[in-house]
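Secondary and tertiary structure notes
Chain residues, written in single-letter form:
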Amino acid sequence: MGEVLLLCGSVRKGSSNEAMLRLVQDVAGETYSAVFYEGLGDLPHFNPDLDVDPLPEAVAGLRAAIARADAVLVCTPEYAGTLPGSFKNLLDWTVGGTEICDKPTGWINAANPGRGEGAVATLRTVLEYTGAGIVEEACARIAIADPDARERITEVLRALVR
């Protein structure tokens, strides 16, 4: 069983992105271990002066969660045509570590058609910079209301943990 770390780009409780990742957890069931990262709002503002040992506790926790996982799956909203600042901050904290390098990584764009493309483009740019192993088959647009959502999520999970 592979562990997939679920990173939500929204700090809003009950957001559609959180709901999508909770659905991923449900679909994963006992086949995959889908772990929801809860620390987005606890991360300090990125500061290269703090990116040294000992790391801030929240940053060390983030990096440890990424290191433990076999794969990473992101679901993030788009704010002002790009990633939310809090989620970009999370990604900035991954640059100084090697935990995400070559880690199979994908995303689900849960936005309505025609929306979310700016966030996805920025996400791809940052993940490529960090050396994450982007799995194209695990990058999908899936609406929660899509009647095939569960089947499509299963395909994303299979692609990530191959």
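So, a few notes on the structure that sits alongside this text.

**Focus on the state of the cysteines**
Enumeration according to the criterion identifies zero disulfides in this entry. With no disulfide partner, Cys-8 has as its closest neighbouring cysteine sulfur the one in Cys-75, 6.4 Å distant. What makes Cys-8 buried here is its relative accessible area of 7%.

**Thoughts on the pattern of salt bridges**
On inspection of all chains with the given rule, the structure shows nine salt bridges. When the shortest N-O distance is used, the salt bridge between Glu-117 and Arg-141 registers 2.2 Å. Linking Glu-117 in helix α4 (residues 117–130) with Arg-141 in strand β5 (residues 133–141), this pair joins segments that are 24 residues apart in sequence. Taking relative accessible area as the criterion, Glu-117 reaches 44% and is therefore assigned partly exposed. On the accessibility criterion, Arg-141 (27% relative accessible area) is partly exposed. Among the salt bridges present, the one from Glu-128 reaches Arg-124, with a minimum N-O distance of 4.0 Å. On the criterion of helical spacing, the pair formed by Glu-128 and Arg-124 is a turn pair, its members being four residues apart in helix α4.

**What to know about α4**
Its 14 residues place the ends of α4 20 Å apart at the C-alpha level, agreeing with the 20 Å of an ideal helix rising 1.5 Å per residue. Summarising the contacts, the buried residues of α4 are in contact with β3 (71–75), α3 (85–95), β4 (104–109) and β5. Positive phi appears at Gly-131, one or two residues downstream of α4, with a value of about 85°.

**What to know about the sheet that holds β5**
Strand order in the open sheet formed by five strands is β2-β1-β3-β4-β5, and the pairing between neighbours is parallel. Edge positions in the sheet fall to β2 (33–36) and β5, since each of these pairs with one other strand and no more. Pairwise comparison of adjacent strand axes, ignoring direction, gives a mean angle of 25° for this sheet. Sheet analysis places strand β1 (residues 3–8) next to β3, joined by five bridges and oriented parallel. The residue of β3 that forms the bridge with Val-4 is Ala-71.

**With respect to the packing of α3 against α4**
Where α3 contacts α4, the axes come no closer than 9 Å and their chain directions differ by 15°. It follows that α3 is roughly parallel to α4 by the angle criterion. In this structure, the crossing between α3 and α4 has a hand that is left-handed. Contacts between α3 and α4 involve Phe-87, Lys-88, Leu-91, Thr-94 and Val-95 on the former and, on the latter, Leu-123, Val-126, Leu-127, Tyr-129 and Thr-130. Across the contact of α3 with α4, the residue classes tally to seven nonpolar, two polar and one charged.

Definitions and cut-offs
Counting from 1, residues in each chain are numbered in the order their sequence is written. Whole-chain, interface and lining totals are the exception, using all residues; otherwise, since this is a predicted model, local features are given only for residues with pLDDT of at least 70 and side-chain atom pairs are given and counted only at 80 or more. The side-chain quantities take in all heavy atoms of the structure and omit both hydrogens and water. Cysteine sulfurs are considered disulfide-paired once they come within 2.5 Å of each other. Residue exposure (1.4 Å probe, protein chains only): buried if accessible area is under 20% of the type maximum, exposed if over 50%, otherwise partly exposed. In the sections that follow, a salt bridge refers to a side-chain nitrogen of Lys or Arg positioned within 4 Å of a carboxyl oxygen of Asp or Glu. Working definition: helices are DSSP H or I runs of at least four residues, strands are E runs of at least two. Numbering for both runs from the N terminus. Helix span is expected to be 1.5 Å times the residue number reduced by one. Contact between two residues is taken to exist if any of their heavy atoms lie within 4.5 Å; hydrogens are not considered. Here, any two strands with at least 2 DSSP bridges between them count as paired. Helix axes use the C-alpha atoms of the stretch in contact, all axes being lines fitted to C-alpha atoms, and the angles between their N-to-C directions lie in the range 0 to 180 degrees. Under this scheme an angle from 65 to 115 degrees is roughly perpendicular, one under 35 degrees roughly parallel, and one over 145 degrees roughly antiparallel; angles in between are oblique. By convention the crossing between two helices is left-handed if the near helix lies anticlockwise of the far one by an angle smaller than a right angle, and right-handed if it lies clockwise. Lys, Arg, Asp and Glu make up the charged group, whereas Ala, Val, Leu, Ile, Met, Phe, Trp, Tyr, Cys and Pro make up the nonpolar group; the residues left over, Gly among them, are polar.

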